Amino acid sequence: MLYSYFRTAFRSLLKNKAFSFLNIIGLALGMACCMVIFQYVTFEKSYDKFHSNGDNLYRVQYNSYKDGVTIFECAAAVPAVGKAMKENFPEIEDYAIAFPADGVVSYGDVNFREERIQLATPSWLTMFDWQLIQGDIETALDGPKKMVLTESTARKYFGTEDPVGKYLKWSNSWFTEDYLITGVVKDVPNNSHIKFSILASHSTLRDISQGESETSWGWYDHNTYVSLSPGVDPKDFDKRFAAYLYDLKGEEFERNGRLQEFVLQPINDIHLKSNLLQESEPEENGDAQSVYFLGILAIFILVIAWVNYINLASAKSMERAREVGVRKVLGAYKGQLIRQFIVESIVVNFLAAIVSVGIVALVLPYFNNLTGSPLSLALIFNSGTWLIVLSVFLGGAFLSGLYPAFVLSSFRPIVVLKGKLSTSGKGVVLRKSLVTFQFLSSVFLIAGTIIVYQQMEFLKNRDLGFQMESTLVLKGPSVLQVDSLYANYLEGFKNEVTSLAAISGLSTATNVPGDEIFWTNGAKRAEAPNSDFKTIYHVGIDYEYIPNFDIEILHGRNYSREFATDENSIMLNEAATRFLGFENPEDAIGQKVTDSGQDKEVVAVLDNYNQMSLKSTIAPILYHLQPNGNSFYALRLQTNNTSRLTEQVKASWDKFFPGNPMDYFFLDNFFNRQYAKEDQFGTVFSIFSILAIIVSCLGLFGLSAFSALQRTKEIGVRKVLGASVSNILLLLSREYFLLILLAVVIGTPLTYFVMDGWLNNFAYRTDIGPLVFAISAVVVLLVALLTVSYQTIKSARMNPSNTLRYE
């Protein structure tokens, strides 16, 4: 019997090739979209799950408060906190610390600038599941000046040589030292929130920092992780540690009005749910809202594909009515017919699934380039994934085939064989409801795509208050010459580079726009009591920084070599004047501000330019004069031939800063990297929205075919009575216009509510205007009209004699 079901199913597919093709392609597109998004969502949610003890691993988050106001929430804690937790709370089984660093690493003539160096405690290798393939896991990082390399880093420096026992030279602004290679680990998995290419022993910092790297409660650059005993409530631990910390440092907190707080953050939540100081995070985190949004979109597309199948199967029900009537006359039971049509649904879904795997294999490389994700078909063939896919496939095949099966099997033989079959009111309502759902989905997706695009354009085109384009930024030299000579080297480099016609200026600074500021200190108005000290961001700039970036000076003057006192003066941005209590920005000019134990005169108030992205509000910033900064060199360009210019700049760089690889970026790319996740989300959302609309059109085509087939004789009568093709087109399209209107009425407030919530994640956002919904309604209307026109015009142009000859 089962063989008969499958044989009949394949015969039916071959008999109706066009509709079979539409069914299979519609379902295949829906399944392929769902599988790609499902893989992406699965990958994003898999971060840090490869650690065997991951459920008990936590990062220590550091929060700082001043007079009850949050100053910052930071992913990097202080070095003393891990040891304090381990020694005073038995539920802390172990702790590990990693201090991020960079510098120039060399082996003979081979040298690279390394950005992902972590100075880690020995427990870094034992607490986490980094796979050590060479070396002793207990001693590899025990003791100063030791290094563990990842496999790819080892190959980069040593090729096929065994690196263990050899030395690498590491140079930065602190030191130049030789490090013994004690081990090699496998490359860090892509789904790890923390990446490294080199591990150096944390104890190396002990001598450099005079012990501060182990005992400091103020140096908050140390990523600290703890292993908590199973069953211990982290929230309860946070409360008990807060009480311990207040007993230890309560008097200091009361005296300064500043409070430190350390809370445990589950390692499995970091990638999608952590939104702390940007550069305190080891890498750019994901966004849970976007991931879940795409997950919902995947389900949406799959449901639309199943709805298509129902509509297309319904459209063919009239043609198969006689087949059902004959089968019933020959003794077929209703249950047998239901099973027959469900088997057909399973066959169609199975063929669509095979096609969808092929589509996924083709598009996955392009999707990976788009999102930066290392997805592969291996995830699809994972046993756990197959179980989910199989469940969805069988469930979808059964549910999407159930309604057509019951409709077809319920036909009465005597009615259908006499040719008097008519559709039921319930069936019409269901089909129209399904199409309304598709129209509603299209309104939501089109409007959502427009809003995402508008917001990204708003972010990228809004006046940020500084010159971002045509700016080349060099990272300062890691290997510094003798301090007394550095100013001479910098001056020589500056003179030689600015003599090039394509460069109009060069400035140095501790931070450039887009680079998160970590230099903070307490400041207050000089006449205010010490209790008024407030934590404020600090930036060191040179004389050329303000004009080089075209930052507006609202009041006062720029730093000048004509004023010898400027090295003890400061500038404030407008937000800082409000923050320090000046009623008007101009009131700050000439006033004294206490900073770092000195009273300094305010010589300028700067416009509130955006130091960071428009996702965050403008922070108060205090500017110092540092004529010979070595963090960043910003070059203002006057040419589009950047490749030639870069070569010229590199020649000067190698001349004045030998042994330092030139590391550079263009400021617009660097600043806009902060929108990378939003860009990816917008592009992915737009692509899959278009695909969802295409899939919806297939279902709409099915309903228009069904409707035209039902009204063939009515069309013939109307043509005999003089109706034109345009009259009939309007008649048959009118019901779709009403469904679109209903979809717009329902979809507009729904879309506004969802997208307004998304926009609220930005400190600066665009407004959602009525034009967005008007455009989406018009687009849906045009798409629907184009979709139904073919079948409607085809029916309207039929010769009435062919449709009415047997009447």
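Because the structure is predicted, anything quoted here is derived from the model rather than measured.

The next thing to look at is the overall build of the protein. Along the backbone of the protein there are 25 helices and 22 strands. Across the 807 residues of the protein, 52% fall into the buried class. In the protein, the share of contacts with a sequence separation of at least 24, taken over all contacts with a separation of at least 6, comes to 80%. Summed over its atoms, the accessible surface of the protein is roughly 35900 Å², and 56% of this surface lies on carbon and sulfur atoms.

This part takes up the pairing of strand β1 (residues 57-66). The two faces of the sheet receive side chains in turn, since in a regular strand these alternate between them. Across the 10 residues of β1, 10 count as buried, placing the element largely inside the fold. Pairing of β1 with strand β10 (residues 223-228) involves three bridges; the strand directions are antiparallel. By the bridge assignment for β10, Arg59 is matched with Tyr225. Summarising the sheet, β1 and strand β11 (residues 258-266) pair through nine bridges and their orientation is antiparallel. Looking at the pairing, Val60 lines up with Leu264 of β11. For β1 and strand β2 (residues 69-74), the ladder comprises five bridges, and the chain directions are antiparallel. The residue of β2 that forms the bridge with Lys66 is Val69. What sits between the antiparallel neighbours β1 and β2 is a turn of two residues, in which Asp67 has the positive phi angle 55°.

Moving on: the packing of helix α22 (residues 712-720) against helix α23 (residues 725-759). Their axes nearest at 11 Å, the elements α22 and α23 cross at an angle of 145°. Relative to α23, α22 is oriented so that their crossing is right-handed. Across the interface between the two elements, Glu714, Ile715, Arg718 and Lys719 from α22 touch Ile728, Leu731 and Leu732 from α23. Here the contact of α22 with α23 is composed, by residue class, of four nonpolar, no polar and three charged.

Below, the discussion takes up unusual backbone geometry. A positive phi angle, close to 65°, is found at Asp48, a residue other than glycine. Relative to the assigned elements, Asp48 resides in the loop between α2 (17-45) and β1. Note on Asp48: relative accessible area 1%, which makes it buried. Unlike most non-glycine residues, Ser596 shows phi in positive territory, near 55°.

Turning our eyes to something else, we now look at the nonpolar core. With 116 residues, the main nonpolar core has Phe439, Phe466, Ile541, Met571, Leu572, Leu667 and Phe688 as its most contacted residues. A total of 14 residues in this core trace back to one element, the largest contributor, which is α2. Excluding residues within four positions of it along the chain, Met571 makes contact with Ile541, Ile546, Arg557, Asn558, Tyr559, Val603, Ala604, Leu606, Ile621, Leu622 and Tyr623. If you look at the next biggest cluster of nonpolar residues, it comprises 25 residues, including Phe72, Val81, Trp217 and Phe253.

A probe as big as a water molecule, rolled over the atoms, marks out the empty space that is left. The full count for this structure, using the stated rule, is two cavities of 30 Å³ or more. Computed from the structure, the second largest cavity encloses a volume of approximately 100 Å³. Along the walls of the second largest cavity sit Gln438, Phe439, Ser442, Ile446, Ile693, Ser696, Cys697, Leu700, Val779, Val780, Val783 and Ala784, which together make up its complete lining. Those elements that place two or more of their residues in the lining of the second largest cavity are α15 (425-461), α21 (676-710) and α24 (770-796). Of the residues assigned to the lining of the second largest cavity, the class counts are nine nonpolar, three polar and no charged.

Let's shift gears to the pairing of strand β19 (residues 598-606). Pairing of strand β16 (residues 553-556) with β19 involves three bridges; the strand directions are antiparallel. Considered in β19, the bridge of His555 is made with Val605. In the sheet, strand β17 (residues 569-573) pairs with β19 via five bridges, with the strands oriented parallel. Directly across from Asn573, in β19, lies its bridge partner Leu606. As judged from the four bridges shared by strand β18 (residues 592-595) and β19, these two strands associate in the antiparallel manner. By the bridge assignment for β19, Thr594 is matched with Asp599.

Next up on the list: the packing of aromatic side chains. Inspection of every chain in the model, using the stated rule, returns 42 aromatic pairs. Measuring from centroid to centroid gives 6.1 Å for Phe50 and Trp130, while their planes differ by 55°, and the two rings are tilted. Residue Phe50 is found in the loop between α2 and β1, and its partner Trp130 is found in the loop between α4 (123-127) and β5 (132-134); the two are separated by 80 residues along the sequence. Looking at Trp130, the relative accessible area reads 7%, which means it is buried. Summarising the aromatic geometry, the rings of Phe665 and Phe670 are spaced 4.2 Å apart at their centres and angled 20° between planes, so their arrangement reads as stacked. Assigned by exposure class, Phe665 and Phe670 land together as buried. Grouped by ring-pair contacts, the aromatic residues Tyr62, Phe89, Trp217, Phe237, Phe241, Tyr244 and Phe262 constitute a single cluster. One cation-aromatic arrangement involves Lys156 over Phe112; the distance from NZ or CZ to the ring centre is 4.8 Å. For the cation-ring pair, Arg557 lies above Phe563, with the distance from its terminal atom to the ring centre recorded as 3.7 Å.

Let's shift gears to helix α5 (residues 151-158). Residues separated by three or four positions in an α-helix point in the same direction, a consequence of the helix having 3.6 residues per turn. Every buried residue of α5 is listed here: Thr153, Ala154, Tyr157 and Phe158. Taken around the axis of α5, the buried residues stretch over an arc of 105°, which confines them to a single face. On the buried face of α5, the contacting elements are β3 (92-107), β4 (110-120), β6 (146-150), β7 (167-171), β8 (176-185) and β9 (198-201). Note on α5: the residue one or two positions beyond its end, Gly159, has a positive phi of about 65°.

Turning our eyes to something else, we now look at a nonpolar patch on the surface. On the surface, a nonpolar cluster with roughly 360 Å² of combined accessible area is contributed by Leu741, Leu742, Val745 and Ile746. Summarising the element assignment, Leu741 is placed in helix α23. Residue class for Leu741 comes out exposed when judged on its relative accessible area of 52%.

On to the side chain of Asp238. Examined against the element boundaries, Asp238 turns out to sit in helix α8 (residues 234-256). Salt bridges are absent for the buried Asp238, whose nearest opposite-charge side chain, Lys235, sits at 4.9 Å. Among all residues touching Asp238, those that are not within four sequence positions of it are Phe262, Val263 and Leu264.

Take the pattern of salt bridges next. A full pass over the atoms with the stated rule returns 23 salt bridges. One salt bridge connects Lys475 with Glu115, and the closest N-O pair in it is separated by 3.3 Å. Remark: Glu115 occurs in strand β4 and Lys475 occurs in strand β12 (residues 471-475); sequence separation between them is 360 residues. Here Lys475 falls in the partly exposed class, since its relative accessible area comes to 21%. For Glu115, a relative accessible area of 36% corresponds to the partly exposed category. With its nearest N and O atoms 3.1 Å apart, the salt bridge here joins Asp550 to Arg636. Residue Asp550 is located in the loop between α17 (545-548) and β16, and its partner Arg636 is located in strand β21 (residues 632-637); the two are separated by 86 residues in the primary sequence.

We now examine the environment of Ala619. Here Ala619 is to be found in the loop between β19 and β20 (621-625). Once residues lying within four places of it in the same chain are set aside, the contact partners of Ala619 are Tyr537, Asn573 and Ala575.

Conventions used here
Residues numbered from 1 in each chain as written. Predicted model: local features only at pLDDT ≥ 70, side-chain atom pairs only at ≥ 80, totals over all residues. Heavy atoms only, no water. Helix = DSSP H or I, 4+ residues; strand = E, 2+ residues; numbered from the N terminus. Buried < 20%, exposed > 50% of the residue type's maximum accessible area, 1.4 Å probe, protein only. Contact = heavy atoms within 4.5 Å. Areas by Shrake-Rupley, 256 points an atom, 1.4 Å probe, with all protein chains shown as cover. Pairing = 2+ DSSP bridges. Axes fitted to C-alpha atoms, helices over the stretch in contact; angles between N-to-C directions. Left-handed = near helix turned anticlockwise from the far one by under 90°. Nonpolar A, V, L, I, M, F, W, Y, C, P; charged D, E, K, R; others polar. Core = buried A, V, L, I, M, F, W, Y, C linked by side-chain atoms within 4.5 Å. 1 Å grid on protein atoms, 1.4 Å probe; cavity = no way out; pocket = protein on both sides within 12 Å on 5 of 7 lines; lining within 4 Å. Points joined across faces, edges and corners; volume = space filled by probe spheres on them. Phe/Tyr/Trp six-rings, centres within 6.5 Å; stacked < 30°, edge-to-face > 60°. Lys NZ or Arg CZ within 6 Å of the ring centre and 35° of its normal. Arc of directions from axis to C-beta. Patch = residues over 30% accessible without salt bridge, like charges linked within 9 Å, V, L, I, M, F, W, Y side chains within 5 Å. Salt bridge = Lys/Arg side-chain N within 4 Å of Asp/Glu carboxyl O. Lys, Arg positive; Asp, Glu negative; His and termini not counted.

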